[in-house]
Amino acid sequence: MILADAHLHLFRRGFPGVYGKSLLGTEINVYETLRGAHGITAGLVVGYEGEDIDPGNNAYIRWLAADRPWIATVANVDTLSVPSAAAVASLIDCGHAGLSLYISSNSAAQAVVAWPVSVWDVLNQGRALISLNITPEYLSVLAPVMARHSGCWFLVSHMGLPGQYKLAPPLEDAAARLAPLIQLAGLSNVVVKISGLYAISDPPFAYPHHAAQPFINLLLDRFGPARCLWGSDFSPALDHVSFAQTVSNPWLDHLDDGERALVMGENLLRLLRRKFT
C-alpha cells in the first residue's frame, strides 16, 4: 500500500513540545529514517512560524525540499495580518504548494475572510493547497470563502480539532460538535486530514484513541474515503505516541483495502499531481 503523509512539520532546531526542548536531534534525519522504514513516498510539510519555534520555517522547508523530491510544502502566513498578492505570489513562485493557516480566534477568521480578491486570484490560479488548523467555530466563518474559491483545495487538519474526550462521545454528539465541518462536505474542494488523534484523546497517549472513533466514522461517512487524508503530525505527535502508532491505524479497519489505500496515501498523491501538473 502506498503511504503519503499529509501533515508533518520539520523545524530547524526541532519541536520543543512538552519538554521545552526537542529530544530528536535533527528532525529531517529522523523523518528520513522513519520514511524509509515505513515506505512513505511523499509528505506535505506544513509550515509554522509561530511561537518563536522557527521564525524562518517557510524558507527552511523549501531549502529541505530543494534536493528531496518527496517533499511538498505549504507556507505559514500570519492570519492576523493581510498579505499582499505579491507576497503570496512570491511564496508560490518559490515552490510552496499553497499556504498553512492557523486560525484560533474569531478575529483571525474574520481577517482571512477580508483578504483582498487579488490574493485569492493568485491562490486560485496556482491551484493552491490551503492547510487549515481551525476549530469548528471558525470554520463557519470561513465557509463562504471556501465555497467561493473552488480553484483552491482546503485541507482541514486534525479532523477539525473537536477537542479532548476521555470517552468516545455518542455519534450524535460528535455530529453536533463537527456540524460546521460536516456542512462543508458538499464542497468538492474540501478534504479532511485524519491526523492529530492524540489531541482528541484524554490523556493524549491513550492509543488507539477510542475517543476519536466516532469523529473518524462520521467524517469518513460524510466526506467519503476519497476525500480523507492520513497525516502523522510528526514531530509533535511523538510527545505522546510512537511514529509506528501514527501509521498503524486500527480506526480504519472497517474500510476495504482500496478505501484504506486512498486515505493512507493515494488521495494526497492525486492532490499533489493536480497541483503540479
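Criteria and cut-off values
- Residues numbered from 1 in each chain as written.
- Predicted model: local features only at pLDDT ≥ 70, side-chain atom pairs only at ≥ 80, totals over all residues.
- Heavy atoms only, no water.
- Helix = DSSP H or I, 4+ residues; strand = E, 2+ residues; numbered from the N terminus.
- Rg over C-alpha atoms; globule rule 2.2 N^0.38 Å.
- Buried < 20%, exposed > 50% of the residue type's maximum accessible area, 1.4 Å probe, protein only.
- Areas by Shrake-Rupley, 256 points an atom, 1.4 Å probe, with all protein chains shown as cover.
- Polar contact = N/O pair within 3.5 Å; in protein donor to acceptor, adjacent residues only side chain to side chain.
- Contact = heavy atoms within 4.5 Å.
- Axes fitted to C-alpha atoms, helices over the stretch in contact; angles between N-to-C directions.
- Parallel < 35°, antiparallel > 145°, perpendicular 65-115°, else oblique.
- Pairing = 2+ DSSP bridges.
- Disulfide = S-S within 2.5 Å.
- Phe/Tyr/Trp six-rings, centres within 6.5 Å; stacked < 30°, edge-to-face > 60°.

*Asks:* Teacher, can you tell me more about the overall build of the protein here?
*Replies:* Counting secondary structure elements, the protein contains 11 helices and 8 strands. The globule rule puts the C-alpha radius of gyration for 277 residues at 19 Å, and the 17 Å found for the protein is close to it. Overall, the protein is about 45 × 40 × 35 Å in size when its C-alpha atoms are taken along their principal axes. The buried share of the protein, taken over its 277 residues, is 55%. Approximately 11,200 Å² of the protein is accessible, and the part contributed by carbon and sulfur atoms is 55%.

*Asks:* What exactly am I supposed to notice about the side chain of S201 here?
*Replies:* Within the secondary structure layout, S201 lies in the loop between β7 (190-194) and α9 (213-223). Engagement of the side chain of S201 in a polar contact is seen with the side chain of H209, the distance being 2.7 Å. If we skip the residues at most four places from it in the chain, S201 touches Q164, Y165, A206 and H209.

*Asks:* I would appreciate a short explanation of the packing of helix α4 (residues 106-113) against helix α6 (residues 136-148) in the present structure.
*Replies:* Two packed helices can be described by the angle between their axes and the distance between those axes. Across the interface, α4 lies against α6 with an axial gap of 9 Å and an inter-helix angle of 0°. Taken as axis vectors, α4 and α6 run roughly parallel relative to one another. Facing α4, whose interface residues are N106, A109, Q110, V112 and V113, α6 presents Y138, V141, L142 and V145.

*Asks:* Could you clarify how one ought to interpret the sheet that holds strand β5 (residues 129-134) in this entry?
*Replies:* Neighbouring strands of a sheet are bound in pairs by backbone hydrogen bonds; such pairs are parallel or else antiparallel. Strand order across the open sheet formed by 8 strands is β1-β2-β3-β4-β5-β6-β7-β8, with parallel pairing between neighbours. Across the chains shown, the open sheet's two edge strands, defined by having one partner strand only, are β1 (3-8) and β8 (228-230). Ignoring strand direction, the axes of neighbouring strands in this sheet form an average angle of 25°. Where strand β2 (residues 40-46) and strand β3 (residues 71-76) come together, 4 bridges link them in parallel fashion. Directly across from V45, in β3, lies its bridge partner T73. The sheet strands contacting helix α1 (residues 27-38) are β1, β2 and β3, and the helix crosses β2 at an angle near 145°. Of the strands in this sheet, β2 and β3 touch helix α2 (residues 57-65), which is tilted by about 170° from β3.

*Asks:* How do you make sense of the state of the cysteines when you look at a structure like this?
*Replies:* What is meant by a disulfide is a covalent connection between two cysteines, made through their sulfur atoms. Throughout the structure, instances matching the rule amount to 0 disulfides. No disulfide involves C94; its nearest neighbouring cysteine sulfur is the one of C152, lying 17 Å away. Relative accessible area serves as the criterion here: at 42%, C94 is assigned to the partly exposed category. For the unlinked cysteine C228, the closest cysteine sulfur is that of C152, found at 20 Å.

*Asks:* Looking at this structure, how should I read the pairing of β7?
*Replies:* One face of the sheet, then the other: side chains in a regular strand alternate in exactly this way. Counted residue by residue, β7 has 5 buried out of 5 residues, so it is predominantly covered. Side chains V190, V192 and I194 of β7 all project onto a buried face; the interleaved residues V191 and K193 project onto the opposite face, where all are buried too. Where strand β6 (residues 153-156) and β7 come together, 3 bridges link them in parallel fashion. Each bridged residue has a counterpart across the sheet, and for V156 the counterpart in β7 is V192. As paired elements, β7 and β8 share 3 bridges and run parallel to each other. In the sheet register, K193 faces β8, and the bridge partner there is L229.

*Asks:* Looking at this model, I keep getting lost on the environment of M146. Mind explaining?
*Replies:* On the secondary structure map, M146 appears in helix α6. Separated by 116 residues in the primary sequence, M146 and V30 place their C-alpha atoms 35 Å from one another. Other than its neighbours up to four places away in sequence, M146 contacts L132, L139, F154, V156, L184, L187, N189 and V190.

*Asks:* Even after reading the chapter, I still don't get the packing of aromatic side chains, so can you show me in this structure?
*Replies:* Each aromatic ring pair is specified by the distance between its two centres and by the angle formed by the two planes. Tallying each qualifying case throughout the model produces 11 aromatic pairs. Ring geometry for Y48 versus Y102: centroids 4.6 Å apart, planes at 50°, classification tilted. Note that Y48 is positioned in the loop between β2 and α2 and Y102 in strand β4 (residues 98-103), a separation of 54 residues in sequence. Summarising the aromatic geometry, the rings of Y60 and W63 are spaced 6.0 Å apart at their centres and angled 25° between planes, so their arrangement reads as stacked. Note that Y60 and W63 are positioned in helix α2 at a spacing of 3 residues, about one turn of the helix. Among the aromatic residues, those joined into a cluster by ring pairs are Y31, W70, F234 and F243.

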